[in-house]
Amino acid sequence: MTIFEHILEKIKEYDTIIIHRHMKPDPDALGSQAGLKEIILANFPDKKVLATGFDEPSLAWLTQMDSVQDEDYQSALVIIVDTANRPRIDDKRYGQGAFQIKIDHHPDEDQYGDISLVDTSASSASEIIADFALSHQLKLSDSAARLLYAGIVGDTGRFLYPATSAKTLAIASELRKYDFDFATMVRQMDSFPYKVAKLQAYVFDHLEIDAHGAARVTLTQDLMKKYELTDAETSAIVGSPGKIDSVEAWGIFVEQPDGHYRVRLRSKRVFINEIAKNHHGGGHPLASGANSYSLDENEDIYKELQEALI
Ligand code: AMP
């Protein structure tokens, strides 16, 4: 039995299925979570399928969460998508179900789940979920196709990043056959409020770039208050330094309300996930997140980034 068949068997076996994903969700986290929910409901309409986690306001246009009660976990199948490690799972009740499945595309730093499907060659968790449905002749609704397409577009940077494979494009092509307004959706994903445009100008203006293409910028709480921005809203500018031809790898140091820094690391070629792992984080080889607890640690992270490019 393949791992997909094993997962399908478990979905058939349970009447209640609760789907989790990572904290601070992005379109892939929400798209794979809600897309899987839609697929299960389209094929097994009698099941109770719930999506749980914080409702991220800036992504409310994509999907919204269900209200999940503690009792729902009794005899439930819990599926966790797009989340490499347990501390990052949104809604800590994930351990309260009867059976647990992990479906992810990040390096497998923390093995968990009674079944674990980790495919680091997939561009996104949404690609894996779409592959699961398409390769097992499961019914896909238009809204499931929309959600999964959004997840793939989000995690590939609109088919820009190297994780975009022939398989990614083939799956995206299948999803585009369904009836949803992809142009409006992709435009929405590529748009940001005027205040974020101002932040983008700030980032370009204050970016420090060394001779080897290591770049950094710090966004303080004062700055975010001035521009009236939340941490989630800053995600729209994380890719911006990469548009500069001389930039190879970069760190965006975002001060959090408690004083520590969320460090968003990106690279065009050189792997930077080991740097993230050294500083309370992890992620993909070219897109990782770290946490820094002092200005000195910010300096250390930038030095490590500079050294990686020498
Ligand atoms: P971000 O900069 O938050 O968009 O994160 C980029 C990538 O790194 C995503 O794939 C995250 O899942 C991963 N990541 C971010 N923060 C962490 C963390 N603290 N621990 C492990 N992985 C992380």
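For the protein, the name recorded in an unreviewed UniProt entry is Phosphoesterase, with Streptococcus ferus as its organism.

Undergrad: What is the right way to read helix 7 (residues 194-206) from this model?
TA: Helical geometry: 3.6 residues make up each α-helical turn, so side chains three or four residues apart lie on a common side. A rise of 1.5 Å per residue sets the reference length of helix 7, with its 13 residues, at 18 Å; its end C-alpha atoms lie 19 Å apart and thus fit the reference within 8%. Among the residues of helix 7, those classed as buried are Val196, Leu199, Gln200, Tyr202 and Val203. Projected onto a plane normal to the axis of helix 7, the buried residues spread over an arc of 160 degrees and lie on a single side. Exposed residues on helix 7 whose side chains face more than 90 degrees from its buried face are Tyr194 and Asp205. On its buried side, helix 7 packs onto strand 7 (214-219) and helix 8 (221-226).

Undergrad: I'm lost on the packing of helix 1 (residues 3-13) against helix 3 (residues 125-135) in this one. Help?
TA: To describe two helices that pack against each other, one gives the angle between their axes and the distance between the axes. At a minimum axis separation of 11 Å, helix 1 and helix 3 run at an interaxial angle of 85 degrees. Between helix 1 and helix 3, the crossing angle belongs to the class labelled roughly perpendicular. Touching Phe4, Ile7, Leu8 and Ile11 of helix 1 are Ile128, Asp131, Phe132 and Ser135, all from helix 3. Of the residues contributing to the contact of helix 1 with helix 3, the split by class is six nonpolar, one polar and one charged.

Undergrad: For this particular structure, what's the right way to read the site of the ligand?
TA: The ligand sits among 15 residues. The nearest are Arg88, His106, Arg262, Arg264 and Arg266. In the model, an oxygen atom of the ligand is placed 2.8 Å from a nitrogen or oxygen of the Arg264 side chain. At 2.9 Å, a side-chain N or O of Arg266 approaches an oxygen atom of the ligand. For the ligand, whose free accessible area comes to 480 Å², the fraction covered by protein is 85%. Per-element accounting of the shell around the ligand gives the leading share, four residues, to strand 11 (residues 287-292). The residue inventory of the shell around the ligand, partitioned by class, reads one nonpolar, ten polar and four charged. Shared between two domains, the shell around the ligand takes at least three residues from each, and those domains are domain 1 (3-189) and domain 2 (194-309).

Rules and cut-offs
Residues numbered from 1 in each chain as written. Predicted model: local features only at pLDDT ≥ 70, side-chain atom pairs only at ≥ 80, totals over all residues. Heavy atoms only, no water. Helix = DSSP H or I, 4+ residues; strand = E, 2+ residues; numbered from the N terminus. Expected span 1.5 Å × (residues − 1). Buried < 20%, exposed > 50% of the residue type's maximum accessible area, 1.4 Å probe, protein only. Arc of directions from axis to C-beta. Contact = heavy atoms within 4.5 Å. Axes fitted to C-alpha atoms, helices over the stretch in contact; angles between N-to-C directions. Parallel < 35°, antiparallel > 145°, perpendicular 65-115°, else oblique. Nonpolar A, V, L, I, M, F, W, Y, C, P; charged D, E, K, R; others polar. Near = heavy atom within 4 Å. Polar contact = N/O pair within 3.5 Å; in protein donor to acceptor, adjacent residues only side chain to side chain. Areas by Shrake-Rupley, 256 points an atom, 1.4 Å probe, with all protein chains shown as cover. Domains from an automatic or database assignment.

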